[in-house]
Amino acid sequence: QVQLVESGGGLVQPGGSLRLSCAASGSVFSISRMRWYRQAPGKERELAATITTGGATTYADSVKGRFTITRDNAKNTVFLQMNSLKPEDTAVYYCNADAKAYFYSSPKAYWGQGTQVTVSS
């Protein structure tokens, strides 16, 4: 099966930057869309950014212009560069990918375990 492992979270001051990474491992035949979701305390999980295999991107209005999603298809890795961070960006960030473990598998959504991002002075 496919495992997703996030890294790069931490504590940062308002206005600062962080770069999250998410690497897929295990049996990975193909990955199509990759996404970053986030869930703040007491709130529902929300989609922050999406990237297709070809590199097309979409963003939530709340992060547009500050966050950039990229991917390295050769390494099955997706990144989220977060700039001009605000306290309201504080959340657990989750990686999500539509992937096939084997050529004969049906596409399935996989999730990482999440990484905490805290924006505070």
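This text goes with the structure placed above it.
To start, this report covers the structure provided alongside it. (Residues numbered from 1 in each chain as written. Predicted model: local features only at pLDDT ≥ 70, side-chain atom pairs only at ≥ 80, totals over all residues. Heavy atoms only, no water.)

Tracing the chain through its elements places D89 in the loop between β8 (77-82) and β9 (91-100). Looking at D89, its side chain comes within polar contact range of the side chain of R66, at 2.7 Å. With near-sequence residues (within four places) excluded, D89 lies in contact with R38, R66, F67, S84, V117 and V119. (Helix = DSSP H or I, 4+ residues; strand = E, 2+ residues; numbered from the N terminus. Polar contact = N/O pair within 3.5 Å; in protein donor to acceptor, adjacent residues only side chain to side chain. Contact = heavy atoms within 4.5 Å.)

Spatial strand order, β1-β3-β8-β7: four strands in an open sheet with antiparallel pairing. For this open sheet the edge positions go to β1 (2-7) and β7 (67-72), each flanked by a neighbour on one side alone. Ignoring which end each strand starts from, the neighbouring axes of this sheet average 15° apart. Of the pairings in the sheet, the one linking β1 to strand β3 (residues 18-26) comprises six bridges and is antiparallel in character. Bridge pairing in β3 links V5 to A23. (Pairing = 2+ DSSP bridges. Axes fitted to C-alpha atoms, helices over the stretch in contact; angles between N-to-C directions.)

Regular strands place side chains that alternate from one sheet face to the opposite one. Sheet analysis places strand β4 (residues 30-39) next to β9, joined by eight bridges and oriented antiparallel. Bridge assignment links Q39 to a residue of β9, and that residue is V92.

With that settled, the discussion passes to the state of the cysteines. One pass over the structure, following the stated rule, counts one disulfide. The disulfide bridge from C22 ends at C95, spanning 2.1 Å between sulfur atoms. The sign of the S-S torsion, about -80°, decides the handedness of the disulfide formed by C22 and C95: left-handed. Residue C22 is located in strand β3, and its partner C95 is located in strand β9; the two are separated by 73 residues in the primary sequence. Assigned by exposure class, C22 and C95 land together as buried. (Disulfide = S-S within 2.5 Å. Buried < 20%, exposed > 50% of the residue type's maximum accessible area, 1.4 Å probe, protein only.)

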